[in-house]
Protein chains: 2
Amino acid sequence: MLLPYLNSEPTLQQLLEGHAAIAPHIHRTPVLTCEALNKITGAKLFFKAENFQKVGAFKMRGATRAALALTQEQLSRGLATHSSGNHAQAVARAARLFEVPAYIVMPENAPEVKRQATLGYGARITPCAPTIEARQTTLEEVQAETGATFIHPFDDYNVIAGQATASLELMETVPDLDDIIAPIGGGGLMSGTCLAAHGVATGMRVFGAEPEAVDDAWRSLKSGTLERNESTNTIADGLKTNLSPKTFAIIQAHLQEDLLVTEGQIVEAMQLIWSRMKIIIEPSCAVPLAAILRNPEVFEGRRVGVILTGGNVDLQNLPW
Amino acid sequence: MLLPYLNSEPTLQQLLEGHAAIAPHIHRTPVLTCEALNKITGAKLFFKAENFQKVGAFKMRGATRAALALTQEQLSRGLATHSSGNHAQAVARAARLFEVPAYIVMPENAPEVKRQATLGYGARITPCAPTIEARQTTLEEVQAETGATFIHPFDDYNVIAGQATASLELMETVPDLDDIIAPIGGGGLMSGTCLAAHGVATGMRVFGAEPEAVDDAWRSLKSGTLERNESTNTIADGLKTNLSPKTFAIIQAHLQEDLLVTEGQIVEAMQLIWSRMKIIIEPSCAVPLAAILRNPEVFEGRRVGVILTGGNVDLQNLPW
């Protein structure tokens, strides 16, 4: 056990300790700028390029941070999770890093490309029916059999602390940001971003960005209680999940505003980043730029940090 | 006139002077590495990412270098060229840099996206029939009318010296390369790469890479005289042109070997770079990696510099 196991909201000191511990195991991703996008938006944008992170997404940070908070005995029995996306690959990769088994429960209809990538990191995949209930039941069975520890994709302070390190690095590279913006799915990245930003600079404005089609966070912030998505009909496949109690509480305390975007705006922002910045990002990753483009008056003339979350795209099925 | 006009093969000293002069006007592009591609190829690859260059391609270097070798009077009458590709945008962008007019002769069937990009840099476009003869006649008419100076895309020592600076930067960042590889189209980049590499390190092996479908360089090197492509049936749209007397002479004197690749190998290498490195490159740009993948025994265990030439792709028309 290299890091304390976090049972409550991490302090800035704990975020920094966690960053030092995971730093040898992750990439320090570059911060990119783009004259053309600055001109289009009227803001100065600083993109933290987590699409270049190991496994192609920021999820590697949280999974690694969580694994480092386990005892040696826990770790030796392996890591488990249910996911069809980037978190599955991150848990598999973190397990391989520490040379322990990874057990991933994955819905039968998960894209073959994601399945192959997860297998490529040496994980054992257990298929399940594509429902939340089947995922949880199957995961419990796997845990009962193996004794592996479940790494939740976001409702875990250790994972949240890991995701916070993307913003820590961004603010170290660009010390005078006015604003920071990240997409909201389950809220792990968003809540980590909140804690890091206000830990470092209490005056920084922290924005969330969310597809209209899966606006549970927007409605939760409005009603003051956890709301759920009624459908998951968005191309931003990483943002279909609902907030959890832990992530909602942090986001509610820190967020300036949650900005909604349409599906068309997501595709347009994604194409802009591909064609102007020459980098591959996944649809979820385009949501913050879409929000900036939709609300130029909010960001005009300001120095804005944008977390580019990941670059895992099925090149055979692009949304245009 | 900030640089001497080059009438013969540039020396290393002249390449370095040219680099110092253009440096404020171009991006120093990053050198990227990729564990996954090192594993697949068995070599250590260092990618000079000119897809992140201004106008999205290395061509900005040569056009800027050539403009800086003109007298103030020449420059004030503007720059001219015929091109439907990256060189058109580079000449337009260089002209805007020095606040002089750009006159681009472009075949009527040029992709709308390239036409718009060139217009976006403020150039005047003169359409012509899609033949070599029409291009040249129209260009002569434009020159007669305007007095603008023709910047040849490659058969010009000033342009060649500009393209050489990509390798100069790469070797400065990674001083102990064993090999360097670039694609061959008209040969401007390839001959610049030869002069830079052997100027800095006489023992370095310099490789070219070329599609089988447009193998004029391969046949020219074999026969010892300039050969021409009989068709231009390749997805590597930047490599359809033939070598010129100046570029052939330099390549003939320096090249270790010209490696051929099939169309399928180009697509495969392009997909590998997109999916593993998360960056956008154009088909021409994938040709060197395709050559390394086809000839692993040539590069195994070696430190290989790879020039990624550009990232201007029509996202609506991908080759898969």
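The structure displayed is predicted, hence computed values, not measured ones.

Rules of the game
- Residues numbered from 1 in each chain as written.
- Chains lettered and ligands numbered in written order.
- Predicted model: local features only at pLDDT ≥ 70, side-chain atom pairs only at ≥ 80, totals over all residues.
- Heavy atoms only, no water.
- Contact = heavy atoms within 4.5 Å.
- Buried area = accessible area lost by both parts, 1.4 Å probe.
- Salt bridge = Lys/Arg side-chain N within 4 Å of Asp/Glu carboxyl O.
- Buried < 20%, exposed > 50% of the residue type's maximum accessible area, 1.4 Å probe, protein only.
- Helix = DSSP H or I, 4+ residues; strand = E, 2+ residues; numbered from the N terminus.
- Pairing = 2+ DSSP bridges.
- Phe/Tyr/Trp six-rings, centres within 6.5 Å; stacked < 30°, edge-to-face > 60°.
- Axes fitted to C-alpha atoms, helices over the stretch in contact; angles between N-to-C directions.

The next subject is the interface of chain A and chain B. Listed as interface residues are 20 residues of chain A and, on the opposing side, 20 residues of chain B. Summing both partners gives a buried area of about 1500 Å² for chain A against chain B, and 56% of it is carried by carbon and sulfur. Together, Lys278(A), Ile280(A) and Leu315(A) form the three largest contributors to the area buried by chain A at its contact with chain B, with a combined 39%. Applying the counting criterion to the chain A and chain B interface returns zero salt bridges.

All right, on to the pairing of strand E9 (residues 257-261) of chain B then. Residue and element names in this part refer to chain B. For E9, the tally of buried residues reaches four of five residues, placing the bulk of the element in the interior. Direction of pairing for strand E8 (residues 205-211) relative to E9: parallel, over a ladder of five bridges. Paired with proline 211 across the bridge in E9 is valine 261.

Okay, the packing of aromatic side chains next. If you walk through the whole model with that rule in mind, you get five aromatic pairs over all chains. On the numbers, 5.2 Å between centres and 90 degrees between planes, the contact of Trp274(A) with Trp320(A) is edge-to-face. Placement of the pair is Trp274(A) in helix H12 (residues 263-277) and Trp320(A) in the segment after strand E10 (303-308), with a sequence separation of 46 residues. Here Trp320(A) falls in the partly exposed class, since its relative accessible area comes to 27%. Cluster of aromatic residues (ring-pair linked, three or more members): Trp274(A), Trp320(A), Trp274(B) and Trp320(B).

Residue and element names in this part refer to chain B. Reading across the sheet, the four strands line up as E5-E4-E3-E6 and stay open at both edges, with parallel pairing between neighbours. Pairing within the sheet leaves two strands with one partner each, and these edge strands are strand E5 (124-128) and strand E6 (149-150). Where strand E4 (residues 102-107) meets E5, five bridges bridge the pair, whose relative direction is parallel. Each residue of the ladder has a partner; that of tyrosine 103, found in E5, is arginine 124. Helix H5 (residues 86-97) rests against strand E3 (79-82) and E4 of the sheet, and its axis sits at about 165 degrees to E4.

Keep in mind these numbers describe shape, not what the thing actually does.
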